[in-house]
Amino acid sequence: MRLVLSAMCLAALTLTSCALGTGPAPGVVELTVTREFGGAEVGRQRPPRVRGAKTVMSLLMRNHRVTTHYGGGLVQAIDGHTGGASDGDRIEWFYYVNGVQAPRGAAETDVHPGDHIWWDLHDSSQTAKIPAVVGSFPEPFLNGIEGERLPVRVECAEVAGVSCQTVLARLRTSGVPAAVAGIGPGDEPETLRILVGPWTAVAGAPATEAIERGPRASGVYARFAPNGRTLTLLDARGQAVRVLSSGAGLVAATRYAKEDPVWVVSGVDTTGVSRAASAFDAATLHDHFALALEPSGGARPLPLASTAIRR
C-alpha cells in the first residue's frame, strides 16, 4: 500500500533540514507496507495523517495500527501482522528508506522530503541484513540517502552499448542526472554506482563478490558462479531453487561495509544484460527486493518460493 503525502516543504527550507513535524509536510513522501519480501500488500487505503509525524516510526503509527516492543523501539505488528519464530523461520519487520536498510531504529530516523519508506515483514532466518533493495526505484538515485542526494555514475562494460544507454536513459527520464563511464575500481566516495555488463565484467569489487557468496554476505537471494556462466536463484532460507544459464539476467542492489550502495544490472551474457537493462524501470522493479530475468523472458522476484531445484 502506498500513501502519498502531497503537501510541500517551505521553499526556504533545504532538503536536509525539512522533516515531517509541525510545519508543512514534504511532497511525494511514500509509505509502503508489505510482507513476504514485497509479495503482498498490508493494510487498506486511507487518507494519510501526517501532522506531528516527524520520524519513520511516528509516520507509521499515524497511518497504521502498530504494536511495539523493547520500550517502543522495535515494531512487533502492523495492522495485525505479527513477527515471530517457528520451524526454523524468524519473521520480523524491517524498513528501508529510499531502498536502503536504515542503520538506526525507526524512532530515531527522520523523514525527509521525497523519502520512500518501505516496511516489510519477512523471514530473516538466512540474514537480517539486506542492505539495499531495488523496489523503490528511482530511489535512492532521485532523493539520496538520509536527506543527502548523491552523484550517480553508470559504469558499463560497453559505454556505447544498448544496455548501458538504456539504463542511462531510464535514470534521466526519472529526473536523475547521471554520469557514464567504463567500469572502474569504485574508489570514489559518496557516489551511487550502477554496474552494467556481463557478470565477468562487473565482478571483482567487494560488493559484487559478496553476491557470489550468497545472501548472508550480500542480502541478495541469488548468486552468480565465479565464472559467470550460471545464475542460481535462492529461496528465503538460502536454498537453491533454480539454476539459469544463457540469457539470464539480474537487477539487484547491495553494499559493502559502510560504502554507498551498488546496483548491478548484469547477466551471464550480453543477452541477459539486455534483459536486465529492459527491466530497469519503476513499474517492473516495483516492490521487489531483487529481480531475476529468465532466458524465456520471464521475471522472477527474489527470493523465490521454496520448490524442488530446477535447471
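This text follows the structure it describes.
1. A short note on the overall build of the protein chain
(1) Moving on: When you go through the protein chain residue by residue, the secondary structure sums to 7 helices and 20 strands.
(2) Moving on: Expressed as a percentage of its 311 residues, the buried residues of the protein chain come to 53%.
(3) Moving on: Put simply, of all contacts in the protein chain between residues at least 6 apart along the chain, 65% involve residues at least 24 apart.

2. Structural notes on helix H6 (residues 270-278)
(1) Moving on: Within the sequence span of H6, burial applies to Gly-272, Val-273, Ala-276 and Ala-277. Buried residues of H6 fall within an arc of 140° about the axis and therefore sit on the same side.
(2) Moving on: Structurally, H6 contributes buried residues whose contacts are with helix H2 (162-173), strand S13 (192-198), strand S17 (249-254), strand S18 (262-267) and strand S19 (290-293).

3. Examining the sheet that holds strand S6 (residues 81-82)
(1) Moving on: Strand order across the open sheet formed by 3 strands is S4-S5-S6, with antiparallel pairing between neighbours. At either end of the open sheet lies a strand with only one pairing partner, and these are strand S4 (66-69) and S6.

4. Digging into the sheet that holds strand S14 (residues 222-224)
(1) Moving on: The antiparallel open sheet is built from 3 strands, whose spatial order is S14-S15-S16. Strands at the two margins of the open sheet, each flanked by one partner only, are S14 and strand S16 (240-244). Sheet twist, expressed as the mean angle between neighbouring strand axes with direction ignored, is 20°.
(2) Moving on: Both strand S15 (residues 231-234) and S16 contribute to a ladder of 4 bridges, which runs antiparallel. Across the sheet, residue Leu-233 finds its bridge partner in S16, namely Arg-242.

Rules used in this analysis
- Residues numbered from 1 in each chain as written.
- Predicted model: local features only at pLDDT ≥ 70, side-chain atom pairs only at ≥ 80, totals over all residues.
- Heavy atoms only, no water.
- Helix = DSSP H or I, 4+ residues; strand = E, 2+ residues; numbered from the N terminus.
- Buried < 20%, exposed > 50% of the residue type's maximum accessible area, 1.4 Å probe, protein only.
- Contact = heavy atoms within 4.5 Å.
- Arc of directions from axis to C-beta.
- Pairing = 2+ DSSP bridges.
- Axes fitted to C-alpha atoms, helices over the stretch in contact; angles between N-to-C directions.

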